[in-house]
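Geometric and topological summary
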Amino acid sequence: MQDWPVADVIDTDRLTLEPLRPEHAAEMAPALDDVELHRYIGGRPASVDALWQRYQWQSVGRSPDGSEGWLNWVVRDRRSGTAVGTVQATLSRDDGRLAAELAWVVATAHQRRGYAAEAAAGMAGWLRGQGIEHFVAHVHPEHRASQRVAARIGLAPTGMEVEGEIRWAGPTG
């Protein structure tokens, strides 16, 4: 079984990325309770109980068979203390090298402030420090904001479509 890195606190200029815990569900459920937010990422708003269950599962840090590492963070504005979204990295081995699939979500009320790009860049930088060598993200072809985030952290579209999303890849930085 692979030993995966364990999520740690990450600080950026304006944000703190806190390792995800089930207790974050009470704060995140109302922040993510917007049908429009799920337009590109799929699913629908979850109740506090449903998020608690999901966060409990995700905070374990690895898949049940150990083949993937799961790193999840709540993104918090350091000045106000408000949780503004989440970021995550799913780790795997790709031809012997560590790879991370990145994802980010910023609550509707906190969008258009650069939080997604800052949080994703902070996460990618931390992952590089853990020996991660390759990064991918899957972005809906109409989700311009997420395309800009992917480009800002050094990813480029590959032209490959996976379940209706475009695969972006590259070494970030």
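Residues numbered from 1 in each chain as written. Predicted model: local features only at pLDDT ≥ 70, side-chain atom pairs only at ≥ 80, totals over all residues. Heavy atoms only, no water.

1. Comments concerning a positive patch on the surface
- A surface patch of like charges, here positive, comprises Arg112, Arg144, Arg148 and Arg152.
- Following the sequence through the fold, arginine 112 ends up in the loop between β5 (97–106) and α3 (115–129). (Patch = residues over 30% accessible without salt bridge, like charges linked within 9 Å, V, L, I, M, F, W, Y side chains within 5 Å. Areas by Shrake-Rupley, 256 points an atom, 1.4 Å probe, with all protein chains shown as cover. Salt bridge = Lys/Arg side-chain N within 4 Å of Asp/Glu carboxyl O. Lys, Arg positive; Asp, Glu negative; His and termini not counted. Charge placed at Lys NZ, Arg CZ, Asp CG, Glu CD. Helix = DSSP H or I, 4+ residues; strand = E, 2+ residues; numbered from the N terminus.)

2. Quick word on helix α2 (residues 48–58)
- Every buried residue of α2 is listed here: Leu51, Tyr55 and Gln58. Summarising the axial view, the buried residues of α2 lie within an arc of 60 degrees, below the 170-degree limit, and thus occupy one face.
- Of the surrounding secondary structure, the elements contacted by the buried residues of α2 are α1 (25–31), β3 (69–77) and β4 (83–94). (Buried < 20%, exposed > 50% of the residue type's maximum accessible area, 1.4 Å probe, protein only. Arc of directions from axis to C-beta. Contact = heavy atoms within 4.5 Å.)

3. Remarks on helix α4 (residues 144–152)
- If you check which residues of α4 are buried, you get Ser146, Gln147, Val149 and Ala150. The buried side chains of α4 occupy one side of the element, clustering within an arc of 160 degrees when seen end-on.
- For α4, the elements touching its buried residues are β5, α3, β6 (134–139) and β8 (165–170).
- In the stretch just after α4, glycine 154 is the one whose phi turns positive, near 95 degrees.

4. Overview of the pattern of salt bridges
- Within this structure, the stated rule accounts for six salt bridges.
- A salt bridge links arginine 76 to glutamate 18; the nearest nitrogen and oxygen atoms lie 2.7 Å apart. Highlighted residues: arginine 76 in strand β3 and glutamate 18 in strand β2 (residues 15–19), separated in sequence by 58 residues.
- Arginine 76 sits in the buried class, given a relative accessible area of 14%.
- Put simply, Glu18, Glu27 and Arg76 are held in one network by salt bridges that share partners.

5. Some thoughts on the sheet that holds β3
- Reading across the sheet, the eight strands line up as β1-β2-β3-β4-β5-β6-β8-β7 and stay open at both edges, with mixed pairing between neighbours. Looking at strand neighbours, the two that pair on one side only are β1 (10–11) and β7 (156–162), the edges of this open sheet.
- Sitting on the sheet, α3 is in contact with β1, β2, β3, β4, β5 and β6, with an inclination near 160 degrees to β5. (Pairing = 2+ DSSP bridges. Axes fitted to C-alpha atoms, helices over the stretch in contact; angles between N-to-C directions.)

6. Quick notes on unusual backbone geometry
- At arginine 112, a residue that is not glycine, the phi angle is positive and equals roughly 70 degrees.
- One non-glycine residue, glutamate 163, lies in the positive phi region at around 50 degrees.
- Counting through the fold element by element, glutamate 163 comes out in the loop between β7 and β8.

7. Comments concerning the packing of aromatic side chains
- Taken as a whole, this structure holds two aromatic pairs when the rule is applied.
- Aromatic pair tryptophan 57 and tryptophan 70: ring centres 4.7 Å apart, planes at 55 degrees, arrangement tilted. Taken together, the residues tryptophan 57 in helix α2 and tryptophan 70 in strand β3 connect sequence positions 13 residues apart.
- Accessibility expressed as a relative area gives 12% for tryptophan 70, which makes it buried. (Phe/Tyr/Trp six-rings, centres within 6.5 Å; stacked < 30°, edge-to-face > 60°.)

8. Some details on the side chain of histidine 134
- The topology assignment puts histidine 134 in strand β6.
- Not counting the four nearest positions on each side in its chain, histidine 134 is found in contact with Asp94, Arg97, Leu98, Ala99, Ala100, Ala169 and Gly170.

9. With respect to the nonpolar core
- Formed by 35 residues in total, the largest nonpolar core has its most connected members in Leu17, Leu102, Trp104 and Leu127.
- Listing elements by their share of this core, those giving two or more residues are β2, β3, β4, β5, α3, β6, α4 and β8.
- For this core, the leading source of residues is α3, giving nine residues.
- Sequence-distant contacts of tryptophan 104, defined by excluding residues within four places in its chain, comprise Thr86, Val87, Ala116, Ala120, Ala137, Ser146, Val149, Ala150 and Ile153.
- Met28, Ala46, Tyr55 and Val105 belong to the second-largest nonpolar core, a separate cluster that totals twelve residues. (Core = buried A, V, L, I, M, F, W, Y, C linked by side-chain atoms within 4.5 Å.)

Structural measurements only, silent on function.
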